[in-house]
Amino acid sequence: QIGDFVEVPFGKKKEIGIVWPGKISELKKIKIKKISKKFNNYKLDKNFIKFVNWFATYNMMPLGLVLKMSISNYLNLINKKDKDFVQTKKKVKKIILNEEQNKAIKFLNYKNDEFDVSVLQGTTGSGKTLVYFERIKKIINKNKQALVLLPEIFLTNEFKLRFEDFFGFEPAIWHSKITPKNKRIIWNGIINNKIKLVVGARSSLLLPFKNLGVIIVDEEHDSSYKQDEGVTYHARDMAISRASFEKIPIHLIT
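Summary of the structure given here. (Residues numbered from 1 in each chain as written. Predicted model: local features only at pLDDT ≥ 70, side-chain atom pairs only at ≥ 80, totals over all residues. Heavy atoms only, no water.)

Moving on to the overall build of the protein. Secondary structure assignment for the protein yields seven helices and eleven strands. Radius of gyration (C-alpha) of the protein: 20 Å, near the 18 Å computed for a compact globule of 254 residues. Along the longest, intermediate and shortest principal axes, the C-alpha atoms of the protein span 70 × 35 × 30 Å. Evaluated residue by residue, the protein yields a buried proportion of 45% over its 254 residues. For the protein, long-range pairs separated by at least 24 residues make up 76% of all intrachain contacts whose partners lie at least 6 apart in sequence. Of note, the protein has its 46 positive side-chain charges centred 10 Å away from the centre of its 26 negative side-chain charges. (Helix = DSSP H or I, 4+ residues; strand = E, 2+ residues; numbered from the N terminus. Rg over C-alpha atoms; globule rule 2.2 N^0.38 Å. Buried < 20%, exposed > 50% of the residue type's maximum accessible area, 1.4 Å probe, protein only. Contact = heavy atoms within 4.5 Å. Lys, Arg positive; Asp, Glu negative; His and termini not counted. Charge placed at Lys NZ, Arg CZ, Asp CG, Glu CD.)

It is worth spelling out the packing of helix H1 (residues 46–58) against helix H2 (residues 63–71) at this point. Between H1 and H2, whose axes approach to 9 Å, the crossing angle comes to 130°. Classified by the angle their axes make, H1 and H2 are oblique. Relative to H2, H1 is oriented so that their crossing is right-handed. Touching Phe48, Val52, Asn53, Phe55 and Ala56 of H1 are Leu63, Val66, Leu67 and Ser70, all from H2. By residue class, the composition of the contact of H1 with H2 is seven nonpolar, two polar and no charged. (Axes fitted to C-alpha atoms, helices over the stretch in contact; angles between N-to-C directions. Parallel < 35°, antiparallel > 145°, perpendicular 65-115°, else oblique. Left-handed = near helix turned anticlockwise from the far one by under 90°. Nonpolar A, V, L, I, M, F, W, Y, C, P; charged D, E, K, R; others polar.)

Let us now look at a nonpolar patch on the surface. Taken together, the side chains of Leu27, Ile30 and Ile32 make up a nonpolar region of the molecular surface, amounting to roughly 350 Å² of accessible area. Looking at where isoleucine 32 falls in the secondary structure, it is placed in the loop between strand E2 (13–18) and strand E3 (37–43). (Patch = residues over 30% accessible without salt bridge, like charges linked within 9 Å, V, L, I, M, F, W, Y side chains within 5 Å. Areas by Shrake-Rupley, 256 points an atom, 1.4 Å probe, with all protein chains shown as cover. Salt bridge = Lys/Arg side-chain N within 4 Å of Asp/Glu carboxyl O.)

This part is about the sheet that holds E2. Within the open sheet, the three strands sit side by side as E2-E1-E3. Their pairing is antiparallel. Either end of the sheet is taken by a strand with one partner, and the two such strands are E2 and E3. Going from strand to strand, the sheet's axes swing by 30° on average, the running direction of each strand aside. Pairing of strand E1 (residues 4–10) with E2 involves six bridges; the strand directions are antiparallel. Paired with valine 8 across the strands is glutamate 15, a residue of E2. (Pairing = 2+ DSSP bridges.)

Time to look at the packing of aromatic side chains. For the coordinates displayed, the defined rule picks out 15 aromatic pairs. An angle of 85° between the planes, with centres 5.5 Å apart, marks the rings of tyrosine 132 and phenylalanine 133 as edge-to-face. By the burial criterion, tyrosine 132 is buried, and phenylalanine 133 matches it. Among the aromatic side chains, those forming a connected cluster through ring pairs are Phe51, Trp54, Phe55, Tyr58, Tyr233 and Phe245. (Phe/Tyr/Trp six-rings, centres within 6.5 Å; stacked < 30°, edge-to-face > 60°.)

Turning our attention to the pairing of E1. Where E1 and E3 come together, four bridges link them in antiparallel fashion. Each residue of the ladder has a partner; that of phenylalanine 5, found in E3, is phenylalanine 39.

Turning to the sheet that holds strand E5 (residues 145–149), a few remarks are in order. On the basis of which strands lie adjacent, the open sheet formed by six strands has the order E4-E11-E8-E5-E7-E6 and parallel pairing. Across the chains shown, the open sheet's two edge strands, defined by having one partner strand only, are strand E4 (116–120) and strand E6 (172–174). Direction aside, the axes of adjacent strands within the sheet are offset by 20° on average.

This part takes up H1. Look at H1: 18 Å from first C-alpha to last across 13 residues, which is about the 18 Å you get at 1.5 Å a residue. Within the span of H1, buried status applies to Phe48, Ile49, Phe51, Val52, Phe55 and Ala56. Relative to the axis of H1, the buried residues are bounded by an arc of 160° and lie together on one face. Away from the buried face of H1 by more than 90 degrees, exposed residues Lys46, Thr57 and Tyr58 are located. Those residues of H1 that are buried are in contact with H2, strand E10 (233–234) and helix H7 (235–246). Looking one or two places after H1, you find methionine 60, whose phi comes out positive at around 50°. (Expected span 1.5 Å × (residues − 1). Arc of directions from axis to C-beta.)

Following this line, the structure appears as structure tokens:
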């Protein structure tokens, strides 16, 4: 079926591919090979497939190149026996929101299960982070996944500590500098809906979430969200599009 991960004969080798929707062209007189096997634990969501198709067309990029950003070399994890992503539990710090923060969270909570773009604007230190932390908590309590996009990788360690204090566990952190093994473990946890919370740089937008419930774009005005090499795109704009395909809310923090 569409979205299935399969192993197929390719010349004298075997390759892993994904069943993709497309027009069926007239078959020439060629030998059609059979799919060798299907991997039952892996499947791409239909909304995600539509988003990847649209992303490639809109940014005028080859579909294969865009898909490679999402799948990359993680396909070799199918044959690896990595352990699951470990989340250490910590004591949650009690945090009380002020009147303005409560007003903002009430507004953001108004639309839960449909596509909606909202902007949360505030000066540095006004507690915007705590507002969207409350928002995320509500969504992951429904067994959905949340993605927080950050403009720069170096912000993630500072964020990690704040997340741990608020949620009582550390989020999965995704950027280009994490080890291939950690990438495999996190990717596997995301596609199987075992990881609920991802904090990442712009590339995390193309991860194959199974049940995404909200996207947060922190510092949405930052120019780092624009990628100028390889696959060129603007992560903030693409995040809005992905939320549209997933039919979920997106909050832009500025």
